[in-house]
Amino acid sequence: MNLSDQELDRYARHIVLPQVGGVGQRKLKAARIAIIGAGGIGSAVLPALAGVGIGSLTIIDDDVVELANLHRQPLFRERDAGYSKADLALQFVQRLNRFVKARPIQERIGSDNAERLLTGHDLVIDGSDNFATRLAVSDTCVELGVPLLSAAAVQFQGQVGLFRAQPCYRCFVGDAFDAEDCDNCAELGVLGALTGTVGNFAALLAINFIVGIGDDPTGKLHLFDGEALSWREIRIPPEPGCRACGSA
Ligand SMILES: [Zn+2]
C-alpha cells in the first residue's frame, strides 16, 4: 500500500519518527478499525485516528446528539442536537482527512449483529457506555480473532485495555454484568475532559499497536484516576474457565 506525494507531505511529522517511518505509515493506511460509540471516547479516538491516516474507519452508533453530551463530546455542536452521531462523525472525518475511508453504521451493536458488523476489521475499539454491549463485543472479537481495545470513562475513573485471544475482556469483568441495566454515565455522571484523556490514550495505544511500537500491549489494563490525576497499570490474568476464551 503506497503513499502519494500528498500523503507523504501530510504525514511528514509522523514519518520522520524512526519508530514510524514510511513502513509504519503504510501500516496505518492499511488498517481497518471499527469504533463502537461516537460519544465521549469516540470524540477523542476518531479525530486522532483520522488525523494519522488510518485507512478505513467504521463508526457504529445508533444514537443522536443530546445537549447533555456536549460537555464531553467535542465532535458535536449545539446545532447537531437530534442528529445521528454516526453521520456527524463521518462528516467530521471527511472534513479532516480525505484519505480516510469512513463508513457510518446507525445500528445498536449487540450479540445478534456484532459478528456481521465487526468481521473484516483489524482492530475493534469499544467506547460504548455499558457492560452488556462491551461483553457482547468482546465475545464476538474472541470468536473472530480480532483484537479488542476497550476504553471506558465514568465519574472520575477511566480504563483502557487491549485484549487479544486470551485473556479477554470477559476474563476481567466476569459473567455478572450481561444485563442491559448495569452502569452507564447517564446515571453515574462523568467528568468533562476525562473521556478525552482516556480516548486519546486509547488512540495512542491503537497507533502503537498497529505500527508495532513498544512492548506487547495486550492483557494489561491501564487505569486513570481523574481526581488524583494518575495512571496505573495492572495485568489481567487469563480466566481458565472463561466462557468466551477459556477453550482458546
Ligand atoms: Zn476470557
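Residues numbered from 1 in each chain as written. Predicted model: local features only at pLDDT ≥ 70, side-chain atom pairs only at ≥ 80, totals over all residues. Heavy atoms only, no water.

Draft legend 1. Structural view of the overall build of the chain. Check the secondary structure of the chain and you find ten helices and eight strands. With the C-alpha coordinates aligned to their principal axes, the bounding extent of the chain is approximately 50 × 45 × 40 Å. Within the chain, residue pairs in contact and separated by at least 24 positions form 68% of the contacts whose partners lie at least 6 positions apart. As displayed, the chain offers around 11700 Å² of accessible surface, 50% of which is attributable to carbon and sulfur atoms. Considering the chain, the positive charge centre built from 23 side chains and the negative charge centre built from 30 side chains are found 9 Å apart. (Helix = DSSP H or I, 4+ residues; strand = E, 2+ residues; numbered from the N terminus. Contact = heavy atoms within 4.5 Å. Areas by Shrake-Rupley, 256 points an atom, 1.4 Å probe, with all protein chains shown as cover. Lys, Arg positive; Asp, Glu negative; His and termini not counted. Charge placed at Lys NZ, Arg CZ, Asp CG, Glu CD.)

Draft legend 2. Looking closely at the nonpolar core. Within the largest apolar cluster, 42 residues are counted, with the highest numbers of intra-cluster contacts made by Ile33, Leu49 and Leu57. Those elements that place two or more of their residues in this core are strand S1 (32–36), helix H4 (40–51), strand S2 (56–60), helix H5 (85–96), strand S4 (123–126), strand S5 (148–154), strand S6 (157–163) and helix H10 (194–211). The element that contributes the greatest number of residues to this core is H10, accounting for ten residues. Discounting chain neighbours no more than four positions away, the residues touching Leu57 are Ile33, Ile35, Leu46, Leu49, Ala50, Val93, Val100, Lys101, Ala102 and Arg103. (Core = buried A, V, L, I, M, F, W, Y, C linked by side-chain atoms within 4.5 Å. Buried < 20%, exposed > 50% of the residue type's maximum accessible area, 1.4 Å probe, protein only.)

Draft legend 3. Local environment of the packing of H4 against H10. Their axes nearest at 7 Å, the elements H4 and H10 cross at an angle of 40°. When the axes of H4 and H10 are compared, the pair comes out oblique. In terms of crossing hand, the pair formed by H4 and H10 is right-handed. On H10, the residues touching Gly40, Ile41, Ala44, Val45, Ala48 and Leu49 of H4 are Thr195, Gly196, Val198, Gly199, Asn200, Ala202, Ala203, Ala206 and Ile207. Looking at the contact of H4 with H10 residue by residue, the classes come out as ten nonpolar, five polar and no charged. (Axes fitted to C-alpha atoms, helices over the stretch in contact; angles between N-to-C directions. Parallel < 35°, antiparallel > 145°, perpendicular 65-115°, else oblique. Left-handed = near helix turned anticlockwise from the far one by under 90°. Nonpolar A, V, L, I, M, F, W, Y, C, P; charged D, E, K, R; others polar.)

Draft legend 4. Structural view of the packing of aromatic side chains. Inspection of every chain in the model, using the stated rule, returns four aromatic pairs. Seen in terms of ring centroids, Phe163 and Tyr169 are 5.9 Å apart; in terms of plane orientation they differ by 80°. Their pairing is edge-to-face. Relative to Trp231, the ring of Phe224 lies with its centre 4.8 Å away and its plane at 40°, an arrangement referred to as tilted. Assessed through its relative accessible area of 33%, Trp231 is described here as partly exposed. Connected via pairs of aromatic rings, a cluster forms that spans Phe163, Tyr169 and Phe172. Its guanidinium or amino end placed over the ring of Phe131, Arg134 lies 4.9 Å from that ring's centre, counting from NZ or CZ. (Phe/Tyr/Trp six-rings, centres within 6.5 Å; stacked < 30°, edge-to-face > 60°. Lys NZ or Arg CZ within 6 Å of the ring centre and 35° of its normal.)

Draft legend 5. The sheet that holds S1, seen in detail. Pairing is mixed across the open sheet formed by eight strands, whose spatial order is S3-S2-S1-S4-S5-S6-S7-S8. The open sheet has two edge strands, strand S3 (101–105) and strand S8 (230–235), and neither has a second partner. If you compare each strand with its neighbour and ignore which way they point, the axes differ by 15° on average. Of the strand pairs in this sheet, S6 and strand S7 (residues 220–225) are connected by five bridges, and their pairing is antiparallel. Of the residues in S7, the one forming a bridge with Gln157 is Asp225. Across the sheet, H10 is in contact with S1, S4, S5, S6, S7 and S8; its angle to S5 comes to roughly 170°. (Pairing = 2+ DSSP bridges.)

Draft legend 6. Here's a closer look at the coordination of the zinc ion. Within the protein, the zinc ion binds to Cys168 (SG), Cys171 (SG), Cys242 (SG) and Cys245 (SG); these donor distances fall in the range 2.3 Å. In the primary sequence, the donor residues of the zinc ion line up as C-x2-C-x70-C-x2-C. Here Cys168, found in the loop between S6 and helix H8 (169–173), pairs with Cys245, found in the segment after S8; they are 77 residues apart in sequence, far enough to count as distant. For Cys245, a relative accessible area of 0% corresponds to the buried category. (Donors = N, O, S within 2.8 Å, 3.2 Å for Na, K, Ca; no water.)

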